[in-house]
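Close look at the chain arrangement
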Amino acid sequence: MALLGIVFLLPFIWMLSASLKPEADVFKYPIEWIPQTWRASFNYHSVWFGKANFTLYYWNSIKVTALTTLLSVAVSSMAAYGFTKIRFPGRNALFVVVLATYMIPAEATLVPLFIMFRTIGLYDTHLGLILLGGFSVLGTFLLRQFFASLSNEYIESGQIDGAGHVRIFLSILFPLVRPAIATYAILRFIWTWNDFQTPLVFLNSKTLYTLQLGMNAFADRNGAFYSLIMAASVSAIVPLLVVFILGQKQVIEGISLGGVKG
């Protein structure tokens with residue numbers, strides 16, 4: 001497994017190595033994994049303080065991704081709680097309808113969503129992007145499985161003490177499914193951070209570009225300089241690594257929670 005892990009890490013190691021080299025050494029063969037000549041300061045300075053507004057793209061992505069993740073976690077967890085712990089007519093049928101929407105390709109809904117968001121004034125805004133990612137069928141389904149595994153006695157004990165659904169959800173059940181919520185939050189963060197299609201369709205102003213659109217513009221401008229492109233790519237992947245490392249313990253607990261019953 002360690003050897004297999006190293007194989008999977010090799011592209012990232014090469015990307016990091018290339019970002020530290022002069023352009024002439026990027027494709028030198030055999031590969032110099034440790035650069036003989038270092039040009040890291042020039043490459044990263046060119047990315048962050050060059051003609052491309054990389055800092056603005058970075059901030060836009062952080063803002064959109066963080067707010068989208070928070071909204072999606074809140075909506076999906078509340079929907080999962082409602083579908084498992086609140087009895088109402090047609091609950092199971094409505095959940096089947098929600099699941100059925102997952103079979104619709106995202107590309108099939110782009111045109112009607114584009115028309116709707118342009119009509120209501122949310123086209124070319126970060127708010128529009130955040131609302132588009134605010135609900136996830138997969139997130140609702142994933143969290144529903146964890147909420148369903150919790151005993152209803154928790155709810156009954158809370159109701160005996162006079163707690164309503166909001167208090168029961170926030171104070172009793174939410175902490176119990178925290179590993180599952182952390183797992184979904186990490187997945188949502190990664191999906192939103194790496195999303196290229198949605199910002200491409202729903203953003204027009206360059207000042208609103210997320211990092212993925214900014215990377216595309218940066219590559220068009222510096223396509224012949226692979227050392228700069230690799231430096232930009234390393235910079236773009238750092239937040240994903242930080243989020244995963246910080247949430248790794250919760251992810252493992254979430255997997256264990258889903259795989260062990262009783």
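Every value quoted in this text rests on a predicted model; they were computed, and no experiment measured them.

Some remarks on the layout of surface pockets
One number sums up the size of the largest pocket: a volume of about 990 Å³. Considering the residues around the largest pocket, the lining is formed by 30 residues, among which Ala106, Leu132, Gly133, Phe135 and Arg188 are closest to the centre. Taken together, the elements giving at least two residues each to the lining of the largest pocket come down to helix 3 (54–85), helix 5 (110–119), helix 6 (126–132), helix 7 (137–148), helix 10 (178–194) and helix 11 (197–202). Within the lining of the largest pocket, the residues separate by chemical class into 16 nonpolar, 12 polar and 2 charged. Roughly 150 Å³ of volume is contained in the second largest pocket. What lines the second largest pocket is simply Ala66, Thr69, Leu70, Val73, Ala185, Ile186, Phe189 and Val243. Elements supplying a minimum of two residues to the lining of the second largest pocket: helix 3 and helix 10. The dominant element in the lining of the second largest pocket, judged by the number of residues it contributes, is helix 3, at 4 residues.

A few points about the packing of aromatic side chains
Throughout the structure, instances matching the rule amount to 15 aromatic pairs. The interplanar angle of 40 degrees and the centroid separation of 6.0 Å between the aromatic rings of phenylalanine 54 and tyrosine 58 together place this pair among those described as tilted. Within this pair, phenylalanine 54 and its partner tyrosine 58 are both found in helix 3, separated by 4 residues, close to a single helical turn. Given a relative accessible area of 1%, phenylalanine 54 falls into the buried group. Between phenylalanine 169 and phenylalanine 174, the ring centres sit 5.7 Å apart and the planes meet at 75 degrees, which makes this aromatic pair edge-to-face. Ring pairs connect the aromatic residues Trp48, Phe54, Tyr58, Phe189 and Trp193, which therefore count as one cluster.

Rules used throughout
Residues numbered from 1 in each chain as written. Predicted model: local features only at pLDDT ≥ 70, side-chain atom pairs only at ≥ 80, totals over all residues. Heavy atoms only, no water. 1 Å grid on protein atoms, 1.4 Å probe; cavity = no way out; pocket = protein on both sides within 12 Å on 5 of 7 lines; lining within 4 Å. Points joined across faces, edges and corners; volume = space filled by probe spheres on them. Helix = DSSP H or I, 4+ residues; strand = E, 2+ residues; numbered from the N terminus. Nonpolar A, V, L, I, M, F, W, Y, C, P; charged D, E, K, R; others polar. Phe/Tyr/Trp six-rings, centres within 6.5 Å; stacked < 30°, edge-to-face > 60°. Buried < 20%, exposed > 50% of the residue type's maximum accessible area, 1.4 Å probe, protein only.

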